[in-house]
Structure formats: structure tokens, C-alpha cells
Amino acid sequence: MTKIKSFDGIFGRIAAPIMVRKNREAEIEANEILGATQGARLLVLGFGPGVGLQDLFRRTQNVKVVGLDPSQIMMEIAAKRNACEIEAGRLRLIQATAETISEPEDCFDGAVAVNTIQLCEPFENSLPEIGRVLKPNAKLVTITHDWAAAKHAGSPEIWKARLDSALVAAGFSAIDIFNGKSEKGKAIVVTARWRAK
């Protein structure tokens, strides 16, 4: 994710409870679609206030999660919300963007980005780096507000085509794009698999 100053400082603290309320349904839907199995190692891109992290640990036993977010405020809020998982060694939060993931190759079984993949543009910098740390055939699940897609590309349709092309160019396949159930059907769900070796 590109560093977004508005998600730090006072505005970040104001935005966090709004994000909890507005994004919870999409976070749950993304985790359902991901379908992580027991013992999986997962990457969460832009965890915000940490609601999606909570849901991951509720639904799947013994998962280990690494979360990236560029916001210091979100780091603090998510760490407080998921303190038990951090203390148990199941969760590690890193203040970073998707262009600079400090993890080894082929180490994650899946990745989730809820209302953050649009912040990872330019995709030619972020998507190959996301793929680098995924195991072959690992699933990437993204959910994006349709209004955010329109803001970034002029319309949701143009943005979906742009992301589709960027995923293919980066090495992802089995790409599926559809309207999600969350946000009254106005959420864009994109799933893709990292290439097999």
C-alpha cells in the first residue's frame, strides 16, 4: 500500500471506528472466500483496525498471520484488538507497504486485502512482490468498494480490467471477478492463484 497520511494522526483515530463498522462485513466475506485451513500461514495486506484479523483467528485453528499496514495508528489499534494472538506468537504486525514485504519467497498459503488493493497501485510494483511471498497455487482474495475503484480508474469496469491485466502480467492465474455480498452487493471481489512452478 502506498503510504496514506490521512490514516495516521487524528484522522486515523477518527477513521478507525468507522472502518470497523463499514468494513466488518467485507472482512468476514473475504475470509470465507479464502477458506484457510488449519495451520495455514497467511498474509493480510492493510489490516486497518484489525477486525479481519480477529475473524481469521475465530474461524481457523492454529493459523499464523503476518499483517502489513503503513499506518502507525492502525498498528496500535490492531495490536490492542489482537493482543492475545500477538502474545501467543500467532500474529505479527509490520508497518510496511505491499511493495516491500520483508518475508522470504514461497512462505504464505494465502493472502487477503480488504478495501486496500486499490492503494497498492502502481500494480506493477506491488503484485509481483505479493506473488513472490506466496506459495504456488496460493489464493489471493481482494474486496474493494466499487466507489473506490471508480475513484482510481473512472469506473469500476475500467478498474476491474486494469487489475485483471496487472494480475496476469504479475504471474497470477485462475482470476475470478464478481460482485460480493457485502456492501449491499457493491463490493468488487477478485480472487486469483499464484502461478504453479
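Computed from a predicted structure; not experimentally measured.

Criteria and cut-off values
Residues numbered from 1 in each chain as written. Predicted model: local features only at pLDDT ≥ 70, side-chain atom pairs only at ≥ 80, totals over all residues. Heavy atoms only, no water. Buried < 20%, exposed > 50% of the residue type's maximum accessible area, 1.4 Å probe, protein only. Helix = DSSP H or I, 4+ residues; strand = E, 2+ residues; numbered from the N terminus. Pairing = 2+ DSSP bridges. Right-handed = clockwise from strand over helix to strand, strands pointing away. Phe/Tyr/Trp six-rings, centres within 6.5 Å; stacked < 30°, edge-to-face > 60°. Salt bridge = Lys/Arg side-chain N within 4 Å of Asp/Glu carboxyl O.

A. Representation of the pairing of strand E4 (residues 108-114). Counting buried positions along E4 yields six of seven residues, so the element is predominantly enclosed. Direction of pairing for strand E1 (residues 41-45) relative to E4: parallel, over a ladder of three bridges. Opposite Val 44, over in E4, you have Val 112 as the bridge partner. Bridge count between E4 and strand E5 (residues 134-145): six bridges; the pairing is parallel. Of the residues in E5, the one forming a bridge with Ala 113 is Thr 142. In the classification by handedness, the crossover that spans E4, the intervening helix H5 (residues 123-132) and the parallel E5 is right-handed.

B. Fine view of the packing of aromatic side chains. Inspection of the entire model under this criterion finds two aromatic pairs. Note on Phe 172 and Trp 194: the rings are 4.9 Å apart at their centroids and 65° apart in plane angle, and the pair reads as edge-to-face. Here Phe 172 is found in strand E6 (residues 172-179), whereas its partner Trp 194 is found in strand E7 (residues 187-194), with 22 residues between them in sequence. In this structure Trp 194 comes out as buried when scored by relative accessible area, which is 6%.

C. Spotlight on the pattern of salt bridges. Summed over all chains, the structure comprises eight salt bridges. Note that Arg 90 is salt-bridged to Glu 85, the shortest N-O span being 2.4 Å. Taking relative accessible area as the criterion, Glu 85 reaches 16% and is therefore assigned buried. Salt bridges sharing common partners tie together Arg 41, Arg 92 and Glu 103.

Just geometry here; none of it tells us what the structure is for.
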